[in-house]
Amino acid sequence: MARQGSGSAVAGSLIFVVILALLGREALASDYKVGGTDGTWEVPTATNGLNYSQWAASHTFQTGDRLIFRYAPSAHAVQRVTAQAYSACTVTNPLELYNQSGSDLNLDVQLENEEPYYFICPFPGHCPAGQKFMVNVVKAAAVGLTQSLSTVAAVATLGSFFLFF
Ligand SMILES: [Cu+2]
């Protein structure tokens, strides 16, 4: 009886550790409000002091992170475009046009892949005026989900072993 009790305690501790590890993994994905403090997505001016390129260059973005854009849908939009379209501010044929319905004031864009993402505002004149930025997304350093799940399976097996020993 004493043995089974301590086995359960060990299994319980291990499960607790795994839960902590999973919570840690979640915490490593970050939300970034574009441009700085509140995610305002508008044309940079001397008055508002926005500089999206500078802001983007000051962070390291990982897979799983999210970008949050805040804007009036009547005045701005968000497109993901190719590197060439980014340089030239070409708004036709975007890779993705977010918020087509124009109903969201807070747009979340998840950075899913390990690759560069180029964002522009397609409203006339906005991209050339600096409403654009690129982020080079790197692979998240955290434990991957598959690895976490296999850890859970291993711990569950180990837990059963202690319980039935
Ligand atoms: Cu705009």
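Below: a short report on this structure.

Conventions adopted
- Residues numbered from 1 in each chain as written.
- Predicted model: local features only at pLDDT ≥ 70, side-chain atom pairs only at ≥ 80, totals over all residues.
- Helix = DSSP H or I, 4+ residues; strand = E, 2+ residues; numbered from the N terminus.
- Pairing = 2+ DSSP bridges.
- Axes fitted to C-alpha atoms, helices over the stretch in contact; angles between N-to-C directions.
- Core = buried A, V, L, I, M, F, W, Y, C linked by C-beta atoms within 7 Å.
- Buried ≥ 20, exposed ≤ 12 C-beta atoms within 10 Å, placed from the backbone.
- Contact = placed C-beta atoms within 7 Å.

**Some details on the overall build of the chain**
So, point 1. Tallying secondary structure elements over the chain gives four helices and seven strands in all.
So, point 2. If you list the helices and strands of the chain from N to C, you get α-β-α-β-β-α-β-β-β-β-α.

**What about the sheet that holds strand E6 (residues 116–120)?**
So, point 1. Overall, antiparallel pairing links the four strands, which are arranged E4-E3-E6-E7 in an open sheet. The strands lining the two open edges of the sheet, one partner per strand, are strand E4 (96–98) and strand E7 (132–136). Averaged over neighbouring strand pairs, the angle between their axes works out to 20° when direction is ignored.
So, point 2. Pairing between E6 and E7: five bridges, direction antiparallel. Counterpart to Tyr 118 in the pairing with E7 is Met 134.

**Some thoughts on the sheet that holds strand E5 (residues 106–110)**
So, point 1. In space, the three strands of this open sheet follow the order E1-E2-E5, with mixed pairing throughout. Strands at the two margins of the open sheet, each flanked by one partner only, are strand E1 (31–33) and E5. Strand-to-strand twist of the sheet, defined as the mean angle between neighbouring strand axes without regard to direction, takes the value 25°.
So, point 2. Alignment of strand E2 (residues 66–70) against E5, held across five bridges, turns out to be antiparallel. Bridge assignment links Ile 68 to a residue of E5, and that residue is Asp 108.

**Details of the nonpolar core**
Taken as a class, soluble globular proteins show a tendency for nonpolar side chains to be buried jointly.
So, point 1. In this structure, Trp 41, Phe 69, Val 78, Ile 120 and Cys 121 are the most contacted members of the largest nonpolar core, which totals 20 residues.
So, point 2. If you list the elements that add at least two residues to this core, you get helix H2 (52–57), E2, strand E3 (78–81), E6 and E7.
So, point 3. Tallying contributions element by element places E6 first for this core, with three residues.
So, point 4. In this structure Trp 41 touches Val 34, Gly 35, Phe 69, Arg 70, Tyr 71, His 76, Val 78 and Cys 121, once residues within four positions along its chain are discounted.

**Observations regarding unusual backbone geometry**
So, point 1. If you check the backbone angles, Cys 89 has positive phi at about 55° while not being a glycine.
So, point 2. By the secondary structure assignment, Cys 89 is in the loop between helix H3 (83–88) and E4.
So, point 3. On the basis of neighbour count, Cys 89 is assigned to the partly exposed category, with 18 C-beta atoms found within 10 Å.
So, point 4. One non-glycine residue, Asn 93, lies in positive phi territory at about 55°.
So, point 5. By secondary structure assignment, the location of Asn 93 is in the loop between H3 and E4.

**Overview of the pairing of E6**
So, point 1. Of the strand pairs in this sheet, E3 and E6 are connected by three bridges, and their pairing is antiparallel. Looking at E6, one finds that Arg 80 is bridged to Phe 119.

**Observations concerning the environment of Glu 112**
So, point 1. Here Glu 112 shows up in the loop between E5 and E6.
So, point 2. The class for Glu 112 is exposed, based on 12 C-beta atoms found within 10 Å.
So, point 3. Note: C-alpha distance between Glu 112 and Asp 65 (47 residues apart in sequence) is 7.7 Å.

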